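So the chains spell out like this:
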Amino acid sequence: MQDQTCVVTVTYGERTHLLAEVLRAAFRCGAACAVVVDNGTPGPAQEALAKLREEFGADALHIVRLAQNEGSAGGFHAGLAHAAGLCDMRFIWVLDDDNVPETDALPVLLDRWKRLGADESNAMMSFRVDKRQYRKVLDRKTLHWVEPGAFFDFNLAHLWNGGKRKATTREDCFELGVAAYGGFWFARSWLDRITLPPRHYHLYFDDYAFSQQIPAAGGHIWLCPDSRLRDIDESWRANRKAIHPWLDPKTEERRVFCTIRNRLWLERSLATSPFLHRLNMALYLLVKVIAPNLGTMLARPGSAPAFLRRVRLIRRAFHAGLA
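Our subject in this report is the structure included herewith.

About the criteria used
Residues numbered from 1 in each chain as written. Predicted model: local features only at pLDDT ≥ 70, side-chain atom pairs only at ≥ 80, totals over all residues. Heavy atoms only, no water. Helix = DSSP H or I, 4+ residues; strand = E, 2+ residues; numbered from the N terminus. Buried < 20%, exposed > 50% of the residue type's maximum accessible area, 1.4 Å probe, protein only. Polar contact = N/O pair within 3.5 Å; in protein donor to acceptor, adjacent residues only side chain to side chain. Contact = heavy atoms within 4.5 Å. Pairing = 2+ DSSP bridges. Expected span 1.5 Å × (residues − 1). Salt bridge = Lys/Arg side-chain N within 4 Å of Asp/Glu carboxyl O. Core = buried A, V, L, I, M, F, W, Y, C linked by side-chain atoms within 4.5 Å. Phe/Tyr/Trp six-rings, centres within 6.5 Å; stacked < 30°, edge-to-face > 60°. Lys NZ or Arg CZ within 6 Å of the ring centre and 35° of its normal.

1. Some details on unusual backbone geometry
- For Ala118, which is not glycine, the phi torsion reads 50° and is therefore positive.
- Assignment of secondary structure puts Ala118 in the loop between helix 4 (105–115) and strand 6 (122–128).
- Residue Glu171 is not a glycine yet carries a positive backbone phi of 50°.
- Its place among the elements puts Glu171 in the loop between strand 7 (169–170) and strand 8 (173–176).
- According to the relative accessible area criterion, Glu171 is partly exposed, its value standing at 36%.

Below you can see the structure in the form of structure tokens.
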């Protein structure tokens, strides 16, 4: 009883078939209850959620209904606020509605947490194979964090400051500076000490704004490679080899806008050199976005107008993030 974990997740649209697989796997590996935020789903999805509540029981599955989709920020804000009141739960395990845990994912987290000293200041992170940033942590042994002065981890200062910081390792785990929602496991008591995800972010990096408060308050976040999650829905960023997602006409404009604006909100609060930060922004746009993709965009028939629209969208996002 003393180590009970509550899953918190958010679903939207017609995704209850994915959510059902996630919940069944989470309960199989030891979760005691789950809080599901219904982020403005349509009628058929609400009916499917009601059936899931019957399947697992009202005590095990809590459903928080939002009248409209408030994005990941509003959804997880509501879910974590509800979980904060579940005093019989000691831990929170945040999952996306398409993160399916392996059978031992939760027991492994608890085991590593105990090996790290059973200290509630330590938070844990399950490993998602699809997440490039976590694969880089394992391959390069570098710290994943929001580096002051960098823009999306691009930092010209690496030419003279020795490059990216190395990650601290303990008990086969790697320390992180920030964590995404999917797989983030921490003591419920943290919700009495830090603020909930910022609703005004709507989409993207609200998880980083939330999680970075733990290291800032003297805690630690540890990536546990042996606690694995399997994503069963492909991310919109997955096709980066074809064209940068900011320029891809198939990418929703709001996704591009919120990604850039919110990253700037996050980075500006940490930048120690505004000049270096803006220089890194300009170089990132030139080297990572425009130069590698200009030929591909212009070679497509009738693509010039779409390219110009995306450039104007990116400009608006930068203006909003820097305003």
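2. A short note on the side chain of Ser126
- In this fold, Ser126 is placed in strand 6.
- Here the side chain of Ser126 touches Ser227 through a polar contact of 2.9 Å, side chain to side chain.
- In contact with Ser126, other than residues within four places in its own chain, are Trp93, Leu109, Gly183, Leu223, Cys224, Ser227 and Leu229.

3. With respect to the environment of Gly177
- Mapped onto the elements of the fold, Gly177 is located in the loop between strand 8 and strand 9 (184–187).
- Sequence separation between Gly177 and Gly219 is 42 residues; the distance between their C-alpha atoms is 10.0 Å.

4. So, the pairing of strand 9
- The pairing of strand 4 (residues 91–94) with strand 9 spans four bridges and is antiparallel. From the neighbouring strand, Trp93 faces strand 9, where its bridge partner is Trp185.
- When strand 6 meets strand 9, the two strands line up antiparallel, connected through two bridges. Within the sheet, the bridge partner assigned to Met125 lies in strand 9 and is Phe184.

5. A look at helix 8 (residues 253–268)
- With 16 residues, helix 8 extends 23 Å from end C-alpha to end C-alpha; this agrees with the ideal 22 Å at 1.5 Å per step.
- When we look at burial in helix 8, the residues that qualify are Arg255, Val256, Cys258, Thr259, Ile260, Arg261, Asn262, Arg263, Leu264, Leu266 and Glu267.

6. Structural notes on the side chain of Asn155
- Relative to the helices and strands, Asn155 is located in the loop between helix 5 (132–140) and strand 7.
- Relative accessible area serves as the criterion here: at 8%, Asn155 is assigned to the buried category.
- Here Glu147 takes part through its side chain, which lies 3.1 Å from a polar atom of the side chain of Asn155.
- Contact partners of Asn155, with chain neighbours within four places excluded, come to Glu147, Pro148, Gly149, Ala150, Leu276 and Asn280.

7. Comments concerning the pattern of salt bridges
- Throughout the structure, instances matching the rule amount to 21 salt bridges.
- Between Arg15 and Asp233 there is a salt bridge, and its shortest N-O distance comes to 2.9 Å. Of this pair, Arg15 sits in the loop between strand 1 (5–11) and helix 1 (16–28) while Asp233 is found in the loop between strand 10 (220–231) and helix 8, placing the two residues 218 residues apart along the sequence.
- On the basis of relative accessibility, which here comes to 11%, the residue Arg15 falls in the buried class.
- Exposure remark for Asp233: the relative accessible area of 33% places this residue in the partly exposed category.
- With a closest N to O distance of 3.0 Å, Glu55 and Arg24 form a salt bridge. Remark: Arg24 occurs in helix 1 and Glu55 occurs in helix 2 (residues 43–56); sequence separation between them is 31 residues.
- We classify Arg24 as partly exposed; its relative accessible area is 36%.
- A single salt-bridge network, built from bridges that share partners, covers Asp111, Arg112, Arg115, Glu171, Asp172 and Asp226.

8. Here we look at the pairing of strand 4
- Here strand 4 shows no split at all, with Phe91 and Trp93 on one side and Ile92 and Val94 on the other all buried.
- Where strand 1 and strand 4 come together, four bridges link them in parallel fashion. The residue bridging Cys6 from the neighbouring strand is Ile92, located in strand 4.

9. Points about the nonpolar core
- Formed by 98 residues in total, the largest nonpolar core has its most connected members in Trp93, Phe184 and Phe186.
- A per-element tally of this core places helix 1 first, with seven residues.
- Not counting chain neighbours up to four residues away, the residues in contact with Phe184 comprise Ile92, Trp93, Val94, Ala123, Met124, Met125, Ala179, Phe210, Ser211, Ile214 and Ile221.

10. Considering the packing of aromatic side chains
- Counting across every chain of the model gives 18 aromatic pairs.
- For the ring pair Trp113 and Trp185, a centre distance of 6.0 Å and an interplane angle of 75° mean the geometry is edge-to-face. Taken as a pair, Trp113 in helix 4 and Trp185 in strand 9 lie far apart in primary sequence, 72 residues in all.
- In this structure Trp185 comes out as buried when scored by relative accessible area, which is 0%.
- Among the aromatic residues, those joined into a ring-pair cluster are Phe151, Phe152, Phe154, Phe205, Tyr208, Trp246, Tyr284 and Phe318.
- Against the face of Trp145 rests Arg165, its NZ or CZ located 4.7 Å from the ring centre.

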